[in-house]
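Listed here are the chains, written in short residue letters.
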Amino acid sequence: MPFIAGVLVAACVVALGTGTAFAAPPTQGCVTAQLKPDANCANSNLEDLWVSRDNLSRINLSGANLPRAHMSGANLSGANLSGATLLPDVDLSGTNLSGANLYQAFLPHANLAGANLSGADLTIANLSDVDLSDANLSGANLYHAFLPRANLTRAKLSGADFSGARWINGRDCAQGSIGQCKQ
């Protein structure tokens, strides 16, 4: 049975959908926005955000600070997380991030196991020590992304652009590295 309610947290309304959403009071951004599809929460401080299985497609979280965010299974397709900081202990496992903008996102040590990142922009993203096992990176742009020690076990890489990326072994990928890192 879905749980639908609204919680006012220091002038930030957090909409609860089929999953559960909680957030500490923001210091800026997301002042009157709701955490729902198309919401503008740019530059927000959403510490301990919990939005498991919620639909937040096309939400703007650019420049947001999301420490200890738990978004496993959420729909963040088309979301803007450019320049967002997602550490420590961020769980994005099984999350739909297809077509999302993660340009210059800071995600070291994040759990992205089984996430759908097809067509996502991960240009210059920091993905060091990230778990991308079983993730779908088909058609993703990882131009100059930082991937040392990332776990890519069983990840789908077809059409992914790794040109100029720092690979899991610490070496740089050559230009034209599509679907694999050519060194």
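What counts, and where the lines are drawn
- Residues numbered from 1 in each chain as written.
- Predicted model: local features only at pLDDT ≥ 70, side-chain atom pairs only at ≥ 80, totals over all residues.
- Heavy atoms only, no water.
- Helix = DSSP H or I, 4+ residues; strand = E, 2+ residues; numbered from the N terminus.
- Buried < 20%, exposed > 50% of the residue type's maximum accessible area, 1.4 Å probe, protein only.
- Contact = heavy atoms within 4.5 Å.
- Areas by Shrake-Rupley, 256 points an atom, 1.4 Å probe, with all protein chains shown as cover.
- Core = buried A, V, L, I, M, F, W, Y, C linked by side-chain atoms within 4.5 Å.
- Disulfide = S-S within 2.5 Å.
- Polar contact = N/O pair within 3.5 Å; in protein donor to acceptor, adjacent residues only side chain to side chain.

Caption draft 1: Structural context of the overall build of the chain. Scanning the chain from terminus to terminus reveals zero helices and four strands. Order of helices (α) and strands (β) in the chain, N terminus to C terminus: β-β-β-β. Across the 183 residues of the chain, 49% fall into the buried class. Counted over contacts in the chain with a minimum sequence separation of 6, partners at least 24 positions apart contribute 6%. Accessible surface computed for the chain: about 7,800 Å², of which carbon and sulfur atoms make up 52%.

Caption draft 2: Examining the nonpolar core more closely. Residues Leu66, Met71 and Leu122 are the most contacted members of the largest nonpolar core, which totals 52 residues. Setting aside chain neighbours within four positions, we find Leu66 in contact with Leu46, Leu49, Leu61, Met71, Leu81, Thr85, Leu86, Leu87 and Val90.

Caption draft 3: Expanded view of the state of the cysteines. As enumerated under the stated definition, the model contains one disulfide in all. A disulfide bridge connects Cys173 with Cys181, and the sulfur atoms are separated by 2.1 Å. Handedness here is read from the sign of the S-S torsion; for Cys173 and Cys181, about -115°, the answer is left-handed. The class of Cys173 is buried, set by a relative accessible area of 5%. Residue Cys181 is classed as buried on the basis of its relative accessible area, which comes to 15%.

Caption draft 4: The arrangement of the environment of Ser82 in detail. Its place among the elements puts Ser82 in the segment after strand E4 (50-52). Under the relative-accessibility criterion, Ser82 is labelled buried at 18%. Sequence-wise, Ser82 and Leu102 are 20 residues apart; in three dimensions their C-alpha atoms are separated by 4.5 Å. Those residues in contact with Ser82 that sit more than four places away from it in its chain are Ser62, Gly63, Asn101, Leu102 and Tyr103. Engagement of the side chain of Ser82 in a polar contact is seen with the side chain of Asn80, the distance being 2.7 Å.

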